[in-house]
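# Observations on the three-dimensional arrangement
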Amino acid sequence: MVRKRLITDSYPVVKRREGPAGHSKGELAPELGEEPQIPSKEQAELELLRQFDLAWEYGPCTGITRLQRWHRAEQMGLEPPAEVCQVLKSHPGDPRFQYSLWHLYPL
């Protein structure tokens, strides 16, 4: 009796080797000679504001600035993080800091 051919018969079996310890499949290895970058103060502040945008406990963030949302949450007794207010007041004219993640999307 003749065995039915499979698609895998046309290709050789290739065994994958395991990577170094601590290496996960989803991570990209850094380029040679390139050291891991330490987040700057500005990047850390933007990440704090991003987390504030994503925290639904302070109410919706569309249609208002981050500072307006912070004041509204404070007036409602929701105790928003004081660090957010400090960051917003230290960058009064920068739209990256003043507007939420969603300000470029139409309502």
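Now for a quick tour of the structure. Bear in mind the structure is a predicted one, so any value in this text is a computation, not a measurement.

## Some details on the overall build of the protein chain
Of regular secondary structure, the protein chain possesses four helices and zero strands. Mapped from its N terminus to its C terminus, the protein chain presents α and β elements in the order α-α-α-α. Looking at the protein chain as a whole, 20% of its 107 residues are labelled buried. A sequence separation of at least 24 residues applies to 45% of the contacts in the protein chain between residues at least 6 apart. When the accessible area of the protein chain is evaluated, it comes to approximately 9500 Å², of which 58% is carbon and sulfur surface.

## Quick look at unusual backbone geometry
Backbone geometry at Glu 79 places phi at a positive 50°, although glycine is not the residue there. Structurally, Glu 79 can be placed in the loop between α2 (66-75) and α3 (82-90). On the accessibility criterion, Glu 79 (68% relative accessible area) is exposed.

## A closer look at the packing of helix α1 (residues 41-54) against α2
Between α1 and α2, the least distance of the axes is 11 Å, while the angle of their chain directions is 55°. When the interaxial angle is binned, α1 and α2 end up oblique. For α1 against α2, the interelement crossing comes out left-handed. Counting all contacts with α1, which are made through Leu 49, Arg 50, Phe 52 and Asp 53, the residues of α2 involved are Arg 66, Arg 69 and Trp 70. A class-by-class count of the residues in the contact of α1 with α2 yields three nonpolar, no polar and four charged.

## Remarks on the side chain of Glu 45
Structurally, Glu 45 can be placed in helix α1. Although buried, Glu 45 forms no salt bridge, and the nearest oppositely charged side chain, Lys 41, lies 4.1 Å from it. With residues up to four places along the chain from it excluded, the contact list for Glu 45 reads Val 87, His 91 and Phe 97.

## Side note on α2
Arg 66, Arg 69, Trp 70 and Ala 73 are the residues of α2 that are buried. One side of α2 carries all its buried residues, which in axial view fall inside an arc of 100°. On the buried face of α2, the contacting elements are α1, α3 and α4 (95-98).

## Regarding the packing of α1 against α3
Taken N-terminus to C-terminus, the directions of α1 and α3 make an angle of 125°; their axes are 10 Å apart at the nearest point. Comparing their axes, α3 and α1 come out oblique. The element α1 and its partner α3 pack so that their crossing is left-handed. For the pair α1 and α3, the contacting residues are Glu 45, Leu 48, Leu 49 and Phe 52 in the first and Glu 83, Val 84, Val 87 and Leu 88 in the second. Looking at the contact of α1 with α3 residue by residue, the class counts come to six nonpolar, no polar and two charged.

About the thresholds
Residues numbered from 1 in each chain as written. Predicted model: local features only at pLDDT ≥ 70, side-chain atom pairs only at ≥ 80, totals over all residues. Heavy atoms only, no water. Helix = DSSP H or I, 4+ residues; strand = E, 2+ residues; numbered from the N terminus. Buried < 20%, exposed > 50% of the residue type's maximum accessible area, 1.4 Å probe, protein only. Contact = heavy atoms within 4.5 Å. Areas by Shrake-Rupley, 256 points an atom, 1.4 Å probe, with all protein chains shown as cover. Axes fitted to C-alpha atoms, helices over the stretch in contact; angles between N-to-C directions. Parallel < 35°, antiparallel > 145°, perpendicular 65-115°, else oblique. Left-handed = near helix turned anticlockwise from the far one by under 90°. Nonpolar A, V, L, I, M, F, W, Y, C, P; charged D, E, K, R; others polar. Lys, Arg positive; Asp, Glu negative; His and termini not counted. Salt bridge = Lys/Arg side-chain N within 4 Å of Asp/Glu carboxyl O. Arc of directions from axis to C-beta.

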